[in-house]
Amino acid sequence: MAEQTFHAEHKVAGGKLVVADVVVEGDRITNATISGDFFLEPEEAFFELAPALVGSSIADDGAALTARLDAALATFGDELDLHGFSTGDVALVVRRAITGAKDFGDFDWSILRPGPLPTSLNVALDQYLLEEVAAGRRWPTLRFWDWEDKATVIGSFQSYMNELQPEGVERHGIDVVRRISGGGAMFMEGGNCVTYSMYAPASLVAGLSYEQSYVFLDQWVLQALGELGVNAWYKPINDITSSGGKIGGAAQKRVSGAILHHVTMSYDIDADKMTDVLRIGQAKISDKGIRSAKKRVDPLRRQTGESREGIIATMGRTFEARTGATWAELSEADLEAGRRLVDEKFGTEEWTHRVP
């Protein structure tokens, strides 16, 4: 069987660049070169990285490759010092190479911000745009949400009765919408959150574990928050946090050929109203960033000192710089397709209460 050569690069979050060039014959790695701008002592350890990969199966996951690398470096004992990367990062970039993974810059991206829409339509557009990207009818896309209504968006698998307090929902006129991704409930009043959705080909996350994909897809967000003065990082699996507390959370939905990744970050939430609508136990209070039931959940406003518009503008510029994305608009046909999904699915009792 003919040899195949694969190449991939990986910028470690907060670290250095790791590059893999891998030769495969049949189902085995027959040669490899690892390089990058990382630091490694003693120097002899560097020359053990590539040979450790030779003979491994292309089906080996990141854990198996990491174990091979760790075993090869174990002889260096306490002398071993890796800076800006880990053996896990080497394994990751090798998996990315073998699976033919793409990076953000390999695609033509568009950015959408269609203005205020009903929350049910925002949720419906997630399904529609995901399917459009999966079918190859639309470029990979980043969409910022805006809304003026009051809503709670619950995860695909959450129980309606276990997550919501019907009296609070009725008292505050809350529209309850179930989304297609898993994860927890989002309490959304106009302007109280920063929410975005990303629709991308599956090749963007090829070779990454589920947990790794969250960190990878939101590196540009952590960069934008850094520019706003916030030292933010990912707390596995899907939370964005900082030295000032939790900022937000992410969720995903995967279909054949594409992935939806979306994030909601708290800007200035009325904690009293949220706890009146959601059934939030004491264990979840701190997880939602509530310092006191009588205070607001306001990490973005408090930690950045920026307006919501200013934060979104910084995020947009950061994404443009990272990907070369261009701003676009939703067509009336796109909006109409979303409205049909609201009528047929997202606005129906059957879907909203599919988990009672």
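Computed from a prediction, not measured in an experiment: that's the story for all the values here.

### As for the nonpolar core
Turning to step 1, where the next piece is worked out: Counting 43 residues, the largest nonpolar core has Leu125, Leu164 and Leu278 as the members making the most contacts within it.
Turning to step 2, where the next piece is worked out: When contributions to this core are tallied by element, the ones reaching two or more residues are α4 (119-134), β8 (150-154), β9 (175-178), β10 (186-189), β11 (193-201), β15 (258-266), α9 (271-277) and α13 (332-346).
Turning to step 3, where the next piece is worked out: Broken down by element, this core gets its largest block of residues, eight residues, from α4.
Turning to step 4, where the next piece is worked out: One finds Leu142, Val230, Tyr234 and Met265 within the second-largest nonpolar core, a separate group that totals 39 residues.

### A look at the side chain of Ser57
Turning to step 1, where the next piece is worked out: Checked against the element boundaries, Ser57 lands in the loop between α1 (43-53) and α2 (62-73).
Turning to step 2, where the next piece is worked out: Overall, the relative accessible area of 13% leaves Ser57 in the buried class.
Turning to step 3, where the next piece is worked out: Polar side-chain contacts of Ser57 include one of 3.0 Å to the backbone nitrogen of Ala59.
Turning to step 4, where the next piece is worked out: Beyond its immediate chain neighbours, meaning those up to four positions away, Ser57 contacts Asp27 and Arg28.

### Considerations on the sheet that holds strand β3 (residues 28-36)
Turning to step 1, where the next piece is worked out: In spatial order, the strands read β1-β2-β3; together these three strands make up an open sheet with antiparallel pairing. The open sheet has two edge strands with one neighbour each: β1 (3-11) and β3. If you compare each strand with its neighbour and ignore which way they point, the axes differ by 15° on average.
Turning to step 2, where the next piece is worked out: Where strand β2 (residues 17-25) lies against β3, eight bridges are found, and the strand directions are antiparallel.

### Some points on a negative patch on the surface
Turning to step 1, where the next piece is worked out: A grouping of Glu41, Glu43, Glu44, Asp78, Glu79 and Asp81 is seen on the molecular surface, where their side chains present a negatively charged patch.
Turning to step 2, where the next piece is worked out: With respect to the helices and strands, the residue Glu41 is situated in strand β4 (residues 39-41).
Turning to step 3, where the next piece is worked out: By relative accessible area, Glu41 is classed as partly exposed at 48%.

### Some thoughts on the pattern of salt bridges
Turning to step 1, where the next piece is worked out: Taken as a whole and judged by the stated rule, the model has 15 salt bridges.
Turning to step 2, where the next piece is worked out: We note a salt bridge from Arg339 to Glu332, for which the minimum N-O separation is 2.8 Å.
Turning to step 3, where the next piece is worked out: Note on Arg339: relative accessible area 32%, which makes it partly exposed.
Turning to step 4, where the next piece is worked out: Several salt bridges share partner residues, and in doing so they unite Arg113, Asp146, Arg308 and Glu309 into one network.

### Some points on the environment of Arg95
Turning to step 1, where the next piece is worked out: With respect to the secondary-structure elements, Arg95 resides in helix α3 (residues 87-98).
Turning to step 2, where the next piece is worked out: Expressed as a C-alpha distance, the spacing of Arg95 and Leu208, which sit 113 residues apart in the sequence, is 7.5 Å.

### Remarks on α3
Turning to step 1, where the next piece is worked out: Under the 1.5 Å per step criterion, the end-to-end length of α3 is 17 Å for 12 residues, consistent within 8% with the ideal 16 Å.
Turning to step 2, where the next piece is worked out: The buried count for α3 comes to 11 of 12 residues, which makes it a mostly enclosed element.
Turning to step 3, where the next piece is worked out: Restricting attention to buried positions, one finds in α3 the residues Thr87, Asp89, Val90, Ala91, Leu92, Val93, Val94, Arg95, Arg96, Ala97 and Ile98.
Turning to step 4, where the next piece is worked out: Just downstream of α3, Gly100 is the residue with a positive phi angle, here 70°.

### Examining the packing of α1 against α2
Turning to step 1, where the next piece is worked out: Two elements in contact, α1 and α2, have axes separated by 9 Å at closest approach and are oriented at 140°. Taken as axis vectors, α1 and α2 run oblique relative to one another. Handedness of the α1/α2 crossing: right-handed. Residues Ala45, Glu48, Leu49, Ala52 and Leu53 of α1 form the contact with α2, whose own contacting residues are Leu65, Arg68, Leu69, Ala72 and Leu73.
Turning to step 2, where the next piece is worked out: Of the residues in the contact of α1 with α2, the class split is eight nonpolar, no polar and two charged.

### Structural notes on the sheet that holds β9
Turning to step 1, where the next piece is worked out: In space, the three strands of this open sheet follow the order β9-β8-β10, with mixed pairing throughout. Looking at strand neighbours, the two that pair on one side only are β9 and β10, the edges of this open sheet. The mean angle between the axes of side-by-side strands here comes to 25°, regardless of whether they run parallel or antiparallel.
Turning to step 2, where the next piece is worked out: Strand direction decides the pairing type here: β8 and β10, joined by four bridges, are antiparallel. Its bridge partner being in β10, Val153 is matched across the sheet by Met186.
Turning to step 3, where the next piece is worked out: Strand contacts of α4: β8 and β9, with the helix running at about 5° to β9, the strand carrying the most contacts.

### What to know about the environment of Ile154
Turning to step 1, where the next piece is worked out: Positionally, Ile154 belongs in strand β8.
Turning to step 2, where the next piece is worked out: For Ile154, a relative accessible area of 0% puts it in the buried group.
Turning to step 3, where the next piece is worked out: Sequence separation of Ile154 and Met186 is 32 residues, and the distance between their C-alpha atoms is 6.4 Å.
Turning to step 4, where the next piece is worked out: Those residues in contact with Ile154 that lie beyond four places of it in its chain are Tyr160, Leu164, Val176, Val177, Arg178, Arg179, Ala185 and Thr352.

### What about the pairing of strand β7 (residues 141-144)?
Turning to step 1, where the next piece is worked out: Residues Thr141 and Arg143 of β7 are buried on one face, and the alternating residues Leu142 and Phe144, pointing to the opposite face, are buried as well.
Turning to step 2, where the next piece is worked out: One ladder, built from three bridges, connects strand β6 (residues 110-112) with β7; its direction is parallel. Within the sheet, the bridge partner assigned to Ser110 lies in β7 and is Thr141.
Turning to step 3, where the next piece is worked out: Once the chain exits β6 it traverses α4 before rejoining the sheet at β7, and the crossover so formed is right-handed.
Turning to step 4, where the next piece is worked out: As defined by bridge partners, β7 adjoins β11 across four bridges and the pair is classed as antiparallel. Its bridge partner being in β11, Arg143 is matched across the sheet by Ser197.

Parameters at a glance
Residues numbered from 1 in each chain as written. Predicted model: local features only at pLDDT ≥ 70, side-chain atom pairs only at ≥ 80, totals over all residues. Heavy atoms only, no water. Core = buried A, V, L, I, M, F, W, Y, C linked by side-chain atoms within 4.5 Å. Buried < 20%, exposed > 50% of the residue type's maximum accessible area, 1.4 Å probe, protein only. Helix = DSSP H or I, 4+ residues; strand = E, 2+ residues; numbered from the N terminus. Polar contact = N/O pair within 3.5 Å; in protein donor to acceptor, adjacent residues only side chain to side chain. Contact = heavy atoms within 4.5 Å. Pairing = 2+ DSSP bridges. Axes fitted to C-alpha atoms, helices over the stretch in contact; angles between N-to-C directions. Patch = residues over 30% accessible without salt bridge, like charges linked within 9 Å, V, L, I, M, F, W, Y side chains within 5 Å. Areas by Shrake-Rupley, 256 points an atom, 1.4 Å probe, with all protein chains shown as cover. Salt bridge = Lys/Arg side-chain N within 4 Å of Asp/Glu carboxyl O. Lys, Arg positive; Asp, Glu negative; His and termini not counted. Charge placed at Lys NZ, Arg CZ, Asp CG, Glu CD. Expected span 1.5 Å × (residues − 1). Parallel < 35°, antiparallel > 145°, perpendicular 65-115°, else oblique. Left-handed = near helix turned anticlockwise from the far one by under 90°. Nonpolar A, V, L, I, M, F, W, Y, C, P; charged D, E, K, R; others polar. Right-handed = clockwise from strand over helix to strand, strands pointing away.

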